[in-house]
Amino acid sequence: MPARTRFDLKPGPATREAFGRTLVELGRENKDVVVCDADLSKSTMTTYFAKEFPDRFFSCGIAEANMVGVGAGLASAGKIPFVSSFSVFVMNKGFEQLRVCVAYPKLNVKVVGTHSGISIGEDGPSQMSVEETALACSLPGFVVLSPADEAATKALVRAAAAHIGPVFIRTGRPKAPIVYDAGQVFEIGKAIELIEGRDVAIIANGLLVAESIRAAEALEAEGISARVIDMHTVKPLDREAIRRAAEDTGAIVVAEEHLADGGLGVRVAQVVAETSPCPMEFVGIRDAYAESGQPGELMEKYGLVARDVAAAARKVVARKR
Amino acid sequence: MPRSVEELQDIAKRVRRDIVQMIGAAKSGHPGGSLSAVEILVELYFDFMRIDPKNPKWPDRDRFILSKGHAAPVLYAVMAEAGYADTPLDQLNTLRKLGSVYQGHPDVRFIPSLEASAGSLGEGLSLALGMGLAARLDGRPFRTYVLLGDGEIQEGQVWEAAMAGAFHKADNIVAIVDYNGIQLDGFVKDIMEVAPLAEKWRAFGWHAIEIDGHDLPSVRKALCEAESTKGKPTCIVAHTIKGKGVSFMENNPKFHGMAPTPAEVELALQELR
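Throughout what follows, the structure given in this document is the object of discussion. (Residues numbered from 1 in each chain as written. Chains lettered and ligands numbered in written order. Predicted model: local features only at pLDDT ≥ 70, side-chain atom pairs only at ≥ 80, totals over all residues. Heavy atoms only, no water.)

1. Some points on the interface of chain B and chain A
Part 1 of the reasoning: Opposite the 25 residues of chain B that make contact, chain A presents 24 residues.
Part 2 of the reasoning: Between chain B and chain A lies a buried interface of about 1,900 Å² when both sides are counted; carbon and sulfur atoms form 62% of it.
Part 3 of the reasoning: It is B:Glu123, B:Leu137 and B:Glu160 in chain B that bury the most area against chain A; as a group they hold 25% of the surface buried on that side.
Part 4 of the reasoning: For the interface between chain B and chain A, the tally reads 1 salt bridge.
Part 5 of the reasoning: A salt bridge links B:Asp138 to A:Lys79, with the nearest nitrogen and oxygen atoms 2.5 Å apart.
Part 6 of the reasoning: The interface formed by chain B and chain A holds 8 residue pairs in polar contact (both at pLDDT 80 or more) in total.
Part 7 of the reasoning: If you list the elements that add at least two residues to the side of chain B that touches chain A, you get α5 (124-138) and α6 (156-167) of chain B.
Part 8 of the reasoning: Top contributing element to the side of chain B that touches chain A by residue count: α5(B), with 9 residues.
Part 9 of the reasoning: Among the residues forming the side of chain B that touches chain A, the class breakdown is 12 nonpolar, 7 polar and 6 charged. (Contact = heavy atoms within 4.5 Å. Buried area = accessible area lost by both parts, 1.4 Å probe. Salt bridge = Lys/Arg side-chain N within 4 Å of Asp/Glu carboxyl O. Polar contact = N/O pair within 3.5 Å; in protein donor to acceptor, adjacent residues only side chain to side chain. Helix = DSSP H or I, 4+ residues; strand = E, 2+ residues; numbered from the N terminus. Nonpolar A, V, L, I, M, F, W, Y, C, P; charged D, E, K, R; others polar.)

2. Some thoughts on the packing of aromatic side chains
Part 1 of the reasoning: In the structure shown here, the tally under the stated rule is 12 aromatic pairs over all chains.
Part 2 of the reasoning: A centroid spacing of 6.4 Å and a plane angle of 35° characterise the contact between A:Phe19 and A:Phe82, whose relative ring orientation is tilted. Remark: A:Phe82 occurs in strand β4 (residues 80-86) and A:Phe19 occurs in helix α1 (residues 15-29); sequence separation between them is 63 residues.
Part 3 of the reasoning: Judged by its relative accessible area of 0%, A:Phe19 falls in the buried class.
Part 4 of the reasoning: Using a relative accessible area of 0% as the deciding quantity, one classes A:Phe82 as buried.
Part 5 of the reasoning: Geometrically, the ring pair formed by B:Tyr76 and B:Tyr102 is tilted, given 4.9 Å between the ring centres and 55° between the ring planes. In this pair, B:Tyr76 is assigned in helix α4 (residues 72-82) and B:Tyr102 in the loop between α4 and α5, connecting sequence segments 26 residues apart. (Phe/Tyr/Trp six-rings, centres within 6.5 Å; stacked < 30°, edge-to-face > 60°. Buried < 20%, exposed > 50% of the residue type's maximum accessible area, 1.4 Å probe, protein only.)

3. Some points on helix α9 (residues 216-228) of chain B
Residue and element names in this part refer to chain B.
Part 1 of the reasoning: The terminal C-alpha atoms of α9, which comprises 13 residues, lie 19 Å apart, in line with the 18 Å expected from a rise of 1.5 Å per residue.
Part 2 of the reasoning: Along α9, the positions that sit buried rather than exposed are Leu 216, Val 219, Ala 222, Leu 223 and Ala 226. Buried residues of α9, viewed axially, fall in a sector of 125°; they line one side. Exposed side chains of α9 directed beyond 90 degrees from the buried face belong to Lys 221 and Ser 228.
Part 3 of the reasoning: Where the residues of α9 are buried, they touch α1 (5-26), α3 (38-48), β2 (144-149), β3 (173-179), β6 (207-212) and β7 (234-239). (Expected span 1.5 Å × (residues − 1). Arc of directions from axis to C-beta.)

Next comes the structure, spelled out in structure tokens:
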């Protein structure tokens, strides 16, 4: 598919909404798809599935550790369980169970975290998941996905269901700008180059994809040609796309709504170091918990908007000279 | 052709000898909690469960999960005696050695006939519930049994799963607590009291039965009662003796996680003749 040059980035449905809708479609297509939720189905949007398939929806109460174990048992007996809660709860409270009950025996459990990052807004840091990509990537055999918008979520939830093995999908609470046409093809582990560019490559996922597109458009006006890559699969990384970006541009920015420690950025940096070392800059949350506020205000305050991505790009371009 | 109690007792004695020898050879491991669970596992694998060791992936087989994964030797010995292809009897003494299928704790990567990997306490009941829910959804008749340690049930996840099992009316799962009264640091009552056990499970909505966990007919009777109990899961509180069958290991916290010396192995094998 040729790279697009124009994006309208209109507000679209939240990725959690796209997840909930897709789950219902999967439920209609495959009777082995089942869902576990921990008293948040009206927020994770598994409520749509629960309404249509009450027999295949297992309410687990506010008990994430048990929920993950139940999911593992269901998978062990041949089901395709989608285990869902806020990212912060399923990943932190269920981590030990994800490790021993799911990753270690490599069971076919799909973990979907909603309300990821700081863009949940007003509820504040106890509900804000800013470390779960690092945690998920530390589980051997896990596929880790971070879709940017509705179309990406629909396609990647389907890809996760078709994949045999454990998957974590990171979705968010707020409306997500529309990046993709409905027909866009997604493949686990295959990054998508959204904008061509020679001077710097911006590698992003989740909500930072749209911000990176905006940044690239601003940079273009300054004469900086920025490549934008959607790294929707954090694990396994598209090493070839990273190597090519490093070789072609010699300067890389990684942008994500996650702690800069342990997220997409450090994983990309590892591949850059192993393939074609070049200067890099990182847009992410710097060793801190955020606070309550409106999502947009928080993204601005914690340095996760187009302006921050563009500044990082200018800095890394200057460093290579 | 069902086995007589005498035959099952003979198997139990062989399993005890296997356990002592394999842990002795490994020079590390958990003899006490393996020996306390022998009759429970022998009754399940050699009498009660609908299983076919020659066809370990038969979809309708009953499932057994050793949630107290440190008692792996009793499970390995029972499966080896039962004739599973991936648990060779002549390799039991490779326990815990590099390259052995007999890992320190049960690991499905090495023994595919196992129903679950284990080793982190408190997780097996959740797995059992997931399997039970899947069975009910698919209309399959299999039942799932999970063995919990009495120290293990100090883990909060066990009670999350207990609540959920009753809520979902999972009458096709059975929890068996190996109530031997000892955990690593000492007696359960001194570390974190779990009594009154049967009452706790009843309060969580389970049918609870208390038995002598070394009396094979009692174990069988309790498993039958669990199977005929509808609308709620059953917990069998099996009163057992840690280190059962080896006089110097019985009720001795030291043998929770300590291997017998070669001399102690010889002594134990004399007692288990």
